[in-house]
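What follows is each chain in one-letter form.
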Amino acid sequence: MKYGYFDEKNREYVIDRCDVPVSFTNYLGLENMCTVISHNSGGYSFKGSPEYGRITRFRPNGVPLDRPGHYVYLRDDETGKYWTVSWQPVGIDLKEAEYVCRHGLSYSKFECKYNGIIAEKTLFVPLGHDVELWDVKVTNTSDRKRAISLFSYVEFSLHQIDLDNKDFQMGLYASGSSCTEGVIDYTFFYHPDMHHFMTADFEPDSYDCVRDEFIGNYRSESNPAAVENGRCSNSSKLGGNHCGSLHKQFEIEPGQTIRAVLMLGAGGAEQGKKTRKMFADHSVVDKAFEQIKNYWRSRLANYQCITPDEGANVMLNTWTPYQAATCVTWSRFASFIEVGGRTGLGYRDTAQDTISSSYLQPDKVKQRLVELMRAQTSEGFGLHLFDPAMMDESGDAKANLPTVLLSGDSDQSVHIPELKDVCSDDALWLVAAVCEYLKETGDIDFLETEVTFADEGSATVYEHLKKALDFSAKHVADNGICQGLRADWNDCINLRGGQSSMVTFMHYWALRLFNEVAAYLNRDDDSERYSEIASRIKQAAAANLWDGQWYLRGFTAEGRKIGTDEDEEGKLFLNAQSWAVMSGLSEHDKAIRAMDAAYDKLFDRYGLHLLWPAYSKPDDGVGFVTRVYKGIKENASIFSHPNPWAIIAECMLGRGDRAFEYYTAMLPFYQNDMMEIRQAEPYSYCQFVMGKDHTDHGRARHPWLTGSAGWFYTAATKWILGVRPTFKGLEVDPCVPKDWDEFSIVRKWRGSTFNISVKNPDHVSKGVKSIKLNGQEITGLIPVQQPGTDNDVQVLMG
Ligand code: GLC
């Protein structure tokens, strides 16, 4: 069963059955303003922070699904019939109307055909502006002149979600609205600098700023009184709940199309008037839309591929990089799952997001890297969750926060946790993140940039990386294995005094990456020191972490093994196997055995489970993972994020068929026609898929903001298709299914283009026989080429 299809030409996912069981969402806005919007136009906007920069209100996890939203109602003024341009909230019987939603790259378009009228509404946030434009077109397809009323509707929110959701005593009496010269201005009395506006390119016939006047008593967004009456009541008020509804009646001749542009933005009436003037010119709207299209066209052009696999092509050329880049921009706390209750950046999540995104948005990645380093302590660990606004150069937390947060007793100072509350992996990701950025861009000078620490002092980027490595080197147990602390990558493995094999492998991996930098810079002293640490880890791992058939996941504080065949539950953990291999630490025969065990015990048609067998009894020595229902999240679901690590490990072992089997098992594209099982949108990776121990086996949950997108992108582009930037050149080292005859990649790197064509006449998975660069045979890396050049690369596998 399916609800839509991929329109490759337009890079859109088209939902042509709008009665989807869960919200299919999209992200609008690439800079400050963001809207999370569903296929039914439900959702919310914020500026900067989903916690304290709210613009519109949303009732999360509600019934009915995703309300309220950013709606346009149409009303036939002859008959009084009304509907919305998105299927909901009016929800016309789908036998009588045709509804389509097109989620595109940073825009969503809603189309409907009903009652002799075709209408469409495109929502997007233009670059350089904190405003969401609603480009509405209404066409009369009947043979008589029609009088159609149009009403916009959003429900405004207080800026801070906590006040908006809980403190009505303050909220309801401190917010007010007015409408002058066609601009609705919503403001918050306690914070008079913060306003939101709603305006349009037309002179409204009527308006409502008061929600309950627009909706009416005992009604909802499905049947608002104002729309039913054909007119708003020109309401506005100091205090109460507020909305943005502008109403205009249009007379439309047969065959005629009218266009109206609505604008929802951050800022007061003056800003609204300026914005109104600017976008009343439709050519400016068209240009702004074209800019968004170009933004993605040019970024995605950095990597395009044609492989024998349709799903891989569609996902790698459009949707996976789009999702990965969205994670870098909006991190984790702005979705329908995390609805603004937290703000800022997760250390490990953001660091990992940047790893995949340097191709697409190097500037944004660089900004994030600096923010991450500012949130690193001089001890070397990272602050697990932080708001970059609190980490400015001066270390003055209050300097950057909106004053709305600073009232009362709220303590906004930077809190440095005790060791037991530190996550042992956080800062290690920084090493890989910086290395990938350097390899992609060649911006080696970045290493010399001085960046402050979260607590005291500052150091160069290079020294920040050493601090991260030193922290892990310091916090090892007597057996040489890294301590697990509050959590390692797995939030629900809480070892406190115990040890984590995953962090041990990660440490080894980060040391290897760092050593490449040190070698490139000829820093022999560092190379020597960190290679020595790496070899100590290798010995400790060999002595302590092999369980006989696979690698252990660690030890509890009391010294019990985790992830051992001796146990009844939690015998085998995926990450212990993939990281032993991916880090380069495991010897070959153990690597093969460990990865074979993962294949045999953890894999099914939807991907690899995180562990086996699921826990059924709480065990606080291991952590919260044992207190989650079986098959859900960290307790033996098919957690998406670690699957690409197994792909990378298989590619390192040269097993291209298996790597690709893992890749396609989780590829959302291939689940488009099994929505009765998957439910979630098929263009986005989800955080996890319910595991085999759950009755909803195969159901995907928590779309969009997950490290899976970035890691799948990395695994597919750098390891399966195998084009990897290094400090000195481009490495081509694919690991593909044996039955692939050929594939090609257009890769832009350091300013020039490489048209790479790979032939596989011997049907191998791995191995490069020859490379020709612009007709000349070369060995090893493809050197950096003159910026602006187009280069032909012919690769022969065998
Ligand atoms: C979630 C968190 C991430 C963590 C993972 C596993 O995806 O965002 O930080 O690594 O769960 O617990």
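Everything numeric here is computed off the predicted structure, so don't read it as measured data.

A. Representation of the overall build of the protein. Along the protein, the regular secondary structure elements total 20 helices and 42 strands. Overall, the C-alpha framework of the protein stretches about 80 × 65 × 55 Å when taken along its three principal axes. Within the protein, buried positions represent 64% of all 798 residues. The long-range fraction of contacts in the protein, counting pairs at least 24 apart against all pairs at least 6 apart in sequence, stands at 68%. Each charge sign in the protein was given a centre, from 84 positive and 110 negative side chains, and these centres are 2 Å apart.

B. Region of interest: the nonpolar core. In terms of nonpolar packing, the biggest core is built from 252 residues, with L74, F214, L262, V434 and Y663 touching the most fellow members. Beyond its immediate stretch of four places on either side in the chain, L74 contacts K81, Y82, W83, V85, I117, A119, V138, I148, S149 and L150.

C. Region of interest: the confidence of the model for the protein. In the predicted model, the protein carries a mean pLDDT of 95, and 97% of its residues have values of at least 70. Confidence over residues 395-410 falls short of pLDDT 50; this stretch has 25 contacts with residues more than four positions distant or in other chains.

D. How the structure looks around the site of the ligand. Around the ligand, a shell composed of R348, D349, W489, N490, D491, E634, F639 and Q687 is seen. R348 places a side-chain nitrogen or oxygen 2.9 Å from an oxygen atom of the ligand. Side-chain polar atom of Q687 to an oxygen atom of the ligand: 3.4 Å apart, as the coordinates give it. Residues that form the shell around the ligand fall into these classes: two nonpolar, two polar and four charged.

E. A look at the UniProt feature "domain: Glycosyl hydrolase 94 supersandwich" (unreviewed entry) in the protein. Feature annotation in UniProt places "domain: Glycosyl hydrolase 94 supersandwich" (unreviewed entry) on residues 11-278, given in this structure's numbering. Helix makes up 12% of residues 11-278 and strand 42%, and the two end C-alpha atoms of the span are 28 Å apart.

F. Summary view of the packing of aromatic side chains. Going through the model one piece at a time under the given rule, you end up with 58 aromatic pairs. For the pair W546 and Y551, a centre-to-centre distance of 4.8 Å together with 75° between the ring planes defines the contact as edge-to-face. The burial state of W546 is the same as that of Y551; both residues are buried. A centroid spacing of 5.6 Å and a plane angle of 20° characterise the contact between Y599 and F603, whose relative ring orientation is stacked. Cluster of aromatic residues (ring-pair linked, three or more members): F6, Y13, F24, Y27, Y295, W296, W319, Y322, F669, Y670, Y683 and W704. Note that R658 overlies the ring of Y599, its terminal NZ or CZ placed 3.9 Å from the centroid.

G. Summary view of the pattern of salt bridges. The full count for this structure, using the stated rule, is 66 salt bridges. Among the ionic pairs, D135 bridges to R259, the shortest N-O distance being 2.9 Å. With D135 in strand β11 (residues 131-140) and R259 in strand β18 (residues 257-266), this residue pair connects regions lying 124 residues apart in the sequence. Of the residues examined, R259 reaches a relative accessible area of 22% and is grouped as partly exposed. A salt bridge links K366 to D443; its shortest N-O distance comes to 2.9 Å. One end of the pair, K366, is in helix α9 (residues 362-374); the other, D443, is in the loop between α11 (426-441) and β22 (450-452), with 77 residues separating them in the sequence.

H. Quick peek at the packing of helix α12 (residues 461-474) against helix α13 (residues 501-520). In the contact formed by α12 and α13, the axes pass within 11 Å of each other and the chain directions differ by 150°. If you check the angle between α12 and α13, you find them roughly antiparallel. Classified by chirality, the crossing of α13 by α12 is left-handed. Along its contact with α12, which presents Y462, L465, K466, L469, S472 and A473, the element α13 presents H507, A510, L511, F514, V517 and A518.

I. Representation of the sheet that holds strand β39 (residues 768-773). An order of β19-β37-β38-β42-β39-β40 is seen for the six strands of this open sheet, with the pairing classed as mixed. The sheet is open, and its two edges are formed by β19 (303-306) and β40 (776-778), each paired on a single side. With strand direction ignored, the average angle separating the axes of adjacent strands in the sheet is 20°. Looking at chain direction, β39 and β40 are connected through three bridges and run antiparallel. Pairing of L773 across the sheet is with Q776, part of β40.

J. Structural view of helix α18 (residues 656-666). Most of α18 sits out of view: eight of its eleven residues are buried. Taken as a whole, α18 has its buried residues at G656, R658, A659, F660, Y662, Y663, A665 and M666.

K. Here's a closer look at the sheet that holds strand β6 (residues 71-76). The sheet built from five strands is open, its strands ordered β7-β6-β12-β17-β16 with antiparallel pairing. Of all the strands in the sheet, just β7 (82-84) and β16 (206-210) have a single pairing partner and so form its edges. Across the sheet, the axes of successive neighbouring strands diverge by a mean angle of 20°, strand direction being ignored. In this sheet, strand β17 (residues 242-252) lies alongside strand β12 (residues 146-153) in antiparallel orientation, the contact comprising six bridges. Residue pairing across strands places F151 opposite H247, the latter belonging to β17.

L. View of the packing of α9 against α11. The contact between α9 and α11 brings their axes to 11 Å, and the two run at 150°. Judged by the inter-axis angle, α9 sits roughly antiparallel to α11. Where α9 crosses over α11, the handedness of that crossing is left-handed. Each of P362, V365, K366, L369, L372 and M373 in α9 lies in contact with α11, whose residues at this interface are L430, A433, V434, Y437 and T441.

The rules behind the values
Every residue gets a number counted from 1 within its own chain, in the order that chain's sequence is written. Residue-level local features of this predicted model are given only where pLDDT is at least 70; pairs of side-chain atoms are given and counted only at 80 or more, and the full residue set underlies all totals for whole chains, interfaces and linings. The basis for every side-chain value is the complete set of heavy atoms in the structure, and neither hydrogens nor water enter the calculation. Under the DSSP-based scheme used, a helix requires at least four consecutive residues in state H or I and a strand at least two consecutive residues in state E, with every element numbered from the N terminus. Burial classification: accessible surface area is computed with a 1.4 Å probe over protein chains only, and a residue below 20% of its type maximum counts as buried, one above 50% as exposed, and the rest as partly exposed. Any two residues whose heavy atoms approach within 4.5 Å at even a single point are treated as in contact. When charges are tallied, Lys and Arg are placed among the positive residues and Asp and Glu among the negative ones, while His and the ends of the chain are skipped. Charged groups are reduced to one reference atom each: NZ for lysine, CZ for arginine, CG for aspartic acid, CD for glutamic acid. Think of a nonpolar core as a cluster: buried Ala, Val, Leu, Ile, Met, Phe, Trp, Tyr and Cys residues, connected wherever their side-chain atoms sit within 4.5 Å. For every residue, the pLDDT score states the predictor's confidence, bounded by 0 at the bottom and 100 at the top. It suffices for a single heavy atom of a residue to lie within 4 Å of a molecule or strand for the residue to be listed as near it. Each polar contact in these results corresponds to two N or O atoms within 3.5 Å; when the atoms are within protein, one needs to be able to donate a hydrogen and the other to accept it, and residues that are neighboring in sequence are counted only if both atoms are side-chain atoms. When residues are sorted by character, Ala, Val, Leu, Ile, Met, Phe, Trp, Tyr, Cys and Pro go into the nonpolar class, Asp, Glu, Lys and Arg into the charged class, and all the rest, Gly among them, into the polar class. UniProt positions are given in the numbering used here, feature names are shortened, and annotations may be inferred rather than shown by experiment. Stacked, tilted and edge-to-face are the three classes applied to pairs of Phe, Tyr and Trp rings, where Trp contributes its six-membered ring and a pair requires centres within 6.5 Å; stacked means planes under 30 degrees apart, edge-to-face means over 60, and tilted covers the rest. Both a distance and an angle decide whether a charge sits over a ring: NZ of Lys or CZ of Arg must be within 6 Å of the ring centre and within 35 degrees of the ring normal. Definition used for salt bridges: Asp or Glu carboxyl oxygen within 4 Å of a side-chain nitrogen of Lys or Arg. Only C-alpha atoms enter the line fits that serve as axes; for helices the fit covers just the stretch in contact. Angles between N-to-C directions range over 0 to 180 degrees. Angles are sorted into four bins: roughly parallel if under 35 degrees, roughly antiparallel if over 145, roughly perpendicular if 65 to 115, and oblique for all others. Working rule for handedness: look at the near helix, and if it is turned counterclockwise from the far one by less than a right angle, call the crossing left-handed; if clockwise, right-handed. In this analysis, strands are considered paired if DSSP registers two or more bridges between them.

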